[in-house]
Amino acid sequence: MKFFADTADVADIADLAATGLLDGVTTNPSLIAKSGRNFLEVVKEICGLVDGPVSAEVVATDHATMMKEAAVLRALAPNICVKLPLTLDGLKSCKALTAEGVKTNVTLCFSANQALLAAKAGATYVSPFVGRLDDIGHDGMELIQDIRTIYDNYDFQTEILVASVRSPVHVLAAARIGADVATMPPAVIRQLAGHALTEKGLAAFLADWAKTGQSIL
Ligand code: G3P
């Protein structure tokens, strides 16, 4: 399972990239606004920090303008993945960009039928938003399971990129289902490594080691 960081904070991205565990980055207009940075500048900088795909989202709502914006984004770096909304114009743009060999991420997916359309449009990734579904009383993971089943039924190559992840519980559930990618806020990625018994056990080992009076170096 690939791990992407869902952020436009370059300090966080650099820190996580240094672990060797980061496979890519996703951004969206809200995350860019939160960063307070110039969109094109910050995305270009992020592209230099990770080898994997960096999703940068168009903000146009019509196909022709989406394609123009996609051309600007593509020129930023070779690892740009153009993020498009799951609308008919977004799908049309996805199909056209896929034909040109561009990586695409179809976002704001909230139903299995939408995910089916994204796959038919040749999307590299589809982004179902599990947290926002949970927020309105639906089961986000049920959607991930449905998409996994449908994609496997037809051997679609579109990768399921679980988005709107709010906790390690979401990551575990997505991994059990066999989702391809989880994009997470940096805090959730760090939470995955933590366990109270790991901390307790390490403290005990270090205390016992100190009693030996030895050192490795
Ligand atoms: O990047 C899209 C998605 O992950 C947003 O998450 O927490 O704003 O629902 P959230």
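One can find the structure itself at the top, above this paragraph.
Residues numbered from 1 in each chain as written. Predicted model: local features only at pLDDT ≥ 70, side-chain atom pairs only at ≥ 80, totals over all residues. Heavy atoms only, no water.

The next subject is the packing of aromatic side chains. Per the stated rule, a full pass over the model turns up 4 aromatic pairs. Arranged with centres 6.0 Å apart and planes meeting at 45°, the rings of tyrosine 154 and phenylalanine 156 form a pair that is tilted. Note on tyrosine 154: relative accessible area 58%, which makes it exposed. With relative accessibility at 22%, the residue phenylalanine 156 sits in the partly exposed group. Clustering of aromatic rings is evident, with ring pairs tying together Tyr151, Tyr154 and Phe156. (Phe/Tyr/Trp six-rings, centres within 6.5 Å; stacked < 30°, edge-to-face > 60°. Buried < 20%, exposed > 50% of the residue type's maximum accessible area, 1.4 Å probe, protein only.)

We now examine the site of the ligand. All residues adjacent to the ligand are Asp6, Asn28, Lys83, Phe129, Arg132, Ala163, Ser164 and Arg166. In this structure, an oxygen atom belonging to the ligand sits 3.0 Å away from a side-chain N or O atom of arginine 166. Structurally, the ligand is housed in the largest pocket. Looking at the shell around the ligand residue by residue, the classes come out as 2 nonpolar, 2 polar and 4 charged. (Near = heavy atom within 4 Å. Polar contact = N/O pair within 3.5 Å; in protein donor to acceptor, adjacent residues only side chain to side chain. 1 Å grid on protein atoms, 1.4 Å probe; cavity = no way out; pocket = protein on both sides within 12 Å on 5 of 7 lines; lining within 4 Å. Sits in = over half its atoms within 2 Å of the grid points. Nonpolar A, V, L, I, M, F, W, Y, C, P; charged D, E, K, R; others polar.)

Right, let's get into a negative patch on the surface. Taken together, the side chains of Asp134, Asp139, Glu142 and Asp146 define an acidic patch exposed on the protein surface. Within the fold, glutamate 142 resides in helix H8 (residues 140–154). (Patch = residues over 30% accessible without salt bridge, like charges linked within 9 Å, V, L, I, M, F, W, Y side chains within 5 Å. Areas by Shrake-Rupley, 256 points an atom, 1.4 Å probe, with all protein chains shown as cover. Salt bridge = Lys/Arg side-chain N within 4 Å of Asp/Glu carboxyl O. Lys, Arg positive; Asp, Glu negative; His and termini not counted. Charge placed at Lys NZ, Arg CZ, Asp CG, Glu CD. Helix = DSSP H or I, 4+ residues; strand = E, 2+ residues; numbered from the N terminus.)

Even without being glycine, leucine 108 reaches a positive phi, approximately 65°. Take leucine 108: it is sitting in strand E5 (residues 104–109). Since its relative accessible area comes to 33%, leucine 108 is described here as partly exposed.

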